[in-house]
Amino acid sequence: MRVAVTGGAGYIGSKLAKNLLDEGYDVVALDNQSTGNYNYLRHLKTAKLEIIEGDIRNPLDLDKVLGPEAVAAALETFRRRPALGFSDCLLIELARKAGHLPLGTFDRDLSKLDGATRL
């Protein structure tokens with residue numbers, strides 16, 4: 001399974017990446033280098049680790065990690081319902097892409113989206 005770690009070059013993100021690699025996951029570490037340091041990942045040299053310099057707030061960088069289909073679908077939902085916030089729309093699309101629906105949420109607005117259930 002492929003897992004994305006945002007802030008992957010930070011102290012906590014790099015520790016998470018190491019633990020996921022140790023568990024056998026393929027890891028994509030996304031970091032914009034604002035506070036992260038790729039030296040934290042240097043000792044993890046493996047084909048199962050992909051490092052991408054980018055910012056989670058940039059849809060083009062998200063395309064590199066998540067694929068353009070998920071980002072485009074989230075942008076489409078966000079344009080229809082901007083009150084939800086882009087990150088919420090992206091969360092729903094990622095859950096949908098991974099087959100993890102229905103997604104349970106306590107958020108009243110988010111629960112109105114297809115595939116989300118209010119808890």
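So, how was this worked out
Residues numbered from 1 in each chain as written. Predicted model: local features only at pLDDT ≥ 70, side-chain atom pairs only at ≥ 80, totals over all residues. Heavy atoms only, no water. Helix = DSSP H or I, 4+ residues; strand = E, 2+ residues; numbered from the N terminus. Contact = heavy atoms within 4.5 Å. Pairing = 2+ DSSP bridges. Axes fitted to C-alpha atoms, helices over the stretch in contact; angles between N-to-C directions. Buried < 20%, exposed > 50% of the residue type's maximum accessible area, 1.4 Å probe, protein only. Right-handed = clockwise from strand over helix to strand, strands pointing away. Core = buried A, V, L, I, M, F, W, Y, C linked by side-chain atoms within 4.5 Å.

(A) Representation of the environment of Gly-7. Along the chain, Gly-7 turns up in the loop between β1 (2–6) and α1 (11–22). Considering only alpha carbons, one finds Gly-7 and Arg-118, 111 residues apart in sequence, at a separation of 29 Å. Ignoring sequence-local partners within four residues, the contact set of Gly-7 consists of Gly-13, Ser-14, Leu-30 and Asp-31.

(B) Layout of the sheet that holds strand β3 (residues 49–53). Strands sit in the order β1-β2-β3 across an open sheet of 3 strands; the sheet is parallel. Looking at the sheet topology across the chains shown, the edges are occupied by β1 and β3. Going across the sheet, the axis of each strand differs from the next one's by a mean of 20 degrees, ignoring polarity. Where α1 meets the sheet, it contacts β1, β2 (26–31) and β3, and its direction lies at approximately 170 degrees from that of β1.

(C) Region of interest: the pairing of β1. Burial of the side chains of β1 is restricted to one face: Val-3 and Val-5 are buried, whereas none of Arg-2, Ala-4 and Thr-6 on the reverse face is. Alignment of β1 against β2, held across 5 bridges, turns out to be parallel. In the sheet register, Arg-2 faces β2, and the bridge partner there is Asp-26. Crossover handedness for the path β1 to α1 to β2: right-handed.

(D) Inspection of the side chain of Ser-14 at higher detail. Relative to the helices and strands, Ser-14 resides in helix α1. A residue is classified by how much of its surface remains accessible, and Ser-14, at 4% relative accessible area, is buried. If near-sequence neighbours (up to four positions away) are discounted, Ser-14 is found in contact with Gly-7, Gly-8, Tyr-40, Leu-41 and Leu-44.

(E) How the structure looks around unusual backbone geometry. The phi torsion at Gln-33 lies on the positive side, around 65 degrees, for a residue other than glycine. Relative to the assigned elements, Gln-33 resides in the loop between β2 and α2 (39–42).

(F) Summary view of the side chain of Thr-77. Secondary-structure assignment places Thr-77 in helix α4 (residues 68–80). Judged by its relative accessible area of 8%, Thr-77 is buried. If we skip the residues at most four places from it in the chain, Thr-77 touches Cys-89, Glu-93 and Leu-113.

(G) Layout of the pairing of β2. For β2, the buried fraction is high: 5 of the 6 residues fall into the buried class. Sheet topology note: the β2/β3 ladder contains 5 bridges and is parallel. Along β3, the bridge assignment pairs Val-27 with Leu-49.

(H) Region of the structure containing the nonpolar core. Val-65 and Leu-66 are the most contacted members of the largest nonpolar core, which totals 15 residues. Elements that contribute at least two residues to this core include exactly β2, α3 (59–66), α4 and α5 (86–98). Residues contacting Leu-66, with those up to four places away along its chain left out, are Val-71, Leu-90, Leu-94 and Lys-97. Among the nonpolar cores identified, the runner-up in size contains 12 residues, and Val-3, Ala-29, Leu-44 and Leu-49 belong to it.

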